[in-house]
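# Structural overview for review
Chain by chain, the residues:
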Amino acid sequence: MRNLLDTRTLGREQALRILDVAEDMADTQQREIKKLPTLRGKTVVNLFFEDSTRTRISFEAAAKRLSADVINFSAKGSSVSKGESLQDTAQTLQAMGADAVVIRHGASGAPRTLATSGWITAGVVNAGDGTHEHPTQALLDAFTLRKRLFGSDSRGRDLSGVSVAIVGDILHSRVARSNVWLLHTLGARITLVGSPTLIPQDVSAWPATIEYDLDRAIGAGPDALMMLRIQLERMNAAYFPTEREYARAWGLDGERLDALPADSIVMHPGPMNRGLEISAAAADSPRSTVLEQVTNGVSVRMAVLYLLLAGERPASEKEGAS
Ligand code: NCD
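What counts, and at which threshold
Residues numbered from 1 in each chain as written. Predicted model: local features only at pLDDT ≥ 70, side-chain atom pairs only at ≥ 80, totals over all residues. Heavy atoms only, no water. 1 Å grid on protein atoms, 1.4 Å probe; cavity = no way out; pocket = protein on both sides within 12 Å on 5 of 7 lines; lining within 4 Å. Points joined across faces, edges and corners; volume = space filled by probe spheres on them. Helix = DSSP H or I, 4+ residues; strand = E, 2+ residues; numbered from the N terminus. Nonpolar A, V, L, I, M, F, W, Y, C, P; charged D, E, K, R; others polar. Pairing = 2+ DSSP bridges. Axes fitted to C-alpha atoms, helices over the stretch in contact; angles between N-to-C directions. Contact = heavy atoms within 4.5 Å.

## Some points on the layout of surface pockets
There is about 430 Å³ of room inside the largest pocket. Together, 20 residues line the largest pocket, and Asp51, Arg104, Arg174, Arg229 and Pro271 are the ones closest to its centre. Within the residue set of the lining of the largest pocket, elements represented by two or more residues are helix 2 (54-65) and helix 6 (174-185). Considering only residue class, the lining of the largest pocket consists of four nonpolar, eight polar and eight charged. In this structure, the second largest pocket encloses a volume near 200 Å³. Along its surface, the second largest pocket is lined by Ala26, Gln29, Gln30, Lys34, Arg65, Lys147, Glu292, Thr295, Asn296, Val298 and Ser299. Grouping the constituent residues of the lining of the second largest pocket by class yields two nonpolar, five polar and four charged.

As structure tokens, then:
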């Protein structure tokens with residue numbers, strides 16, 4: 001694998017390989033000494049042009065558990081605020097000997113630009129680009145689903161027969177997009193649930209059904225309800241009347257939680273707006289996987305970095321992960 005840019009073009013076998021290697025990584029994280037020597041001497045650069053808490057820390061933890069050196073670069077306080085271009089920034093990293101660049105950027109497509117520009121030889125991992133994709137989030141979500149629904153050793157299994165409802169601000173969500181493609185590739189059935197203002201126009205081309213009523217979506221008994229954060233920072237218009245109104249129509253409150261089948265799970269990528277899209281009762285309930293998702297994120301990112309830096313690196317680029 002040379003890059004991981006999206007899940008839209010990630011094949012089933014490749015996705016399962018990442019999830020299975022992540023299982024191996026998770027096993028090593030049960031040990032007293034969690035650090036593996038695998039990537040000793042490799043340098044991973046975290047290049048973050050947008051705010052992040054868990055994704056950046058998660059990639060850093062993953063790289064360090066594999067003994068790679070990690071350089072954290074955040075655009076605030078760097079020469080990017082002086083107007084330095086992505087090209088110059090990338091070439092500086094190349095000159096410093098980066099083997100992998102993990103990039104988060106506000107512009108959709110920035111990771112692909114970096115990977116295909118010829119500016120760097122390092123492998124590129126998309127850690128979230130605009131409203132486009134966030135592939136490692138979808139992979140850790142798929143990993144979490146597989147583990148919760150099929151038990152601790154689910155190596156080799158896909159998500160055939162699993163139903164997932166993705167709820168909320170689909171329009172601005174790269175998490176939703178990456179999950180739609182990946183979960184579909186893995187055989188899951190997906191329902192997108194939200195107000196018409198927060199469902200994208202081009203959604204008819206997506207492998208998902210649309211539902212405008214959360215209670216009906218819950219009544220259908222999905223195996224998992226994936227709540228999305230309302231992306232207030234990407235909203236330049238009024239997509240719903242008031243926060244209170246949003247929470248009433250689209251928030252997962254205690255009553256809706258009780259209406260879910262006993263064994264369905266509640267997911268959220270974080271950061272959560274408690275009281276808006278998800279109530280404290282739902283976020284903190286035993287069926288919430290929020291913290292498991294964070295834990296699993298480290299194993300999944302270890303797997304991605306491992307496959308990128310220790311596996312074979314073919315010269316040609318064919319797929320989202322190539
Ligand atoms: C997501 C992101 O940044 O796209 N968060 C994350 O990576 N855990 C989702 C979000 O910000 O709502």
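## Things to note about the sheet that holds strand 5 (residues 163-167)
Each strand in a sheet pairs with another by means of backbone hydrogen bonds, the pair being arranged parallel or else antiparallel. Taken in spatial order, the five strands of this open sheet run 7-6-5-8-9, and their pairing is parallel. Two strands in the sheet have a free side with no partner beyond their single neighbour: strand 7 (209-211) and strand 9 (265-267). With strand direction ignored, the average angle separating the axes of adjacent strands in the sheet is 25°. As judged from the four bridges shared by strand 5 and strand 8 (residues 224-227), these two strands associate in the parallel manner. Within strand 8, the residue paired with Val167 across the bridge is Met227. Across the sheet, helix 6 touches strand 5, strand 6 (189-193) and strand 8, and the angle it forms with strand 6 is around 160°.

These figures capture arrangement, not role.
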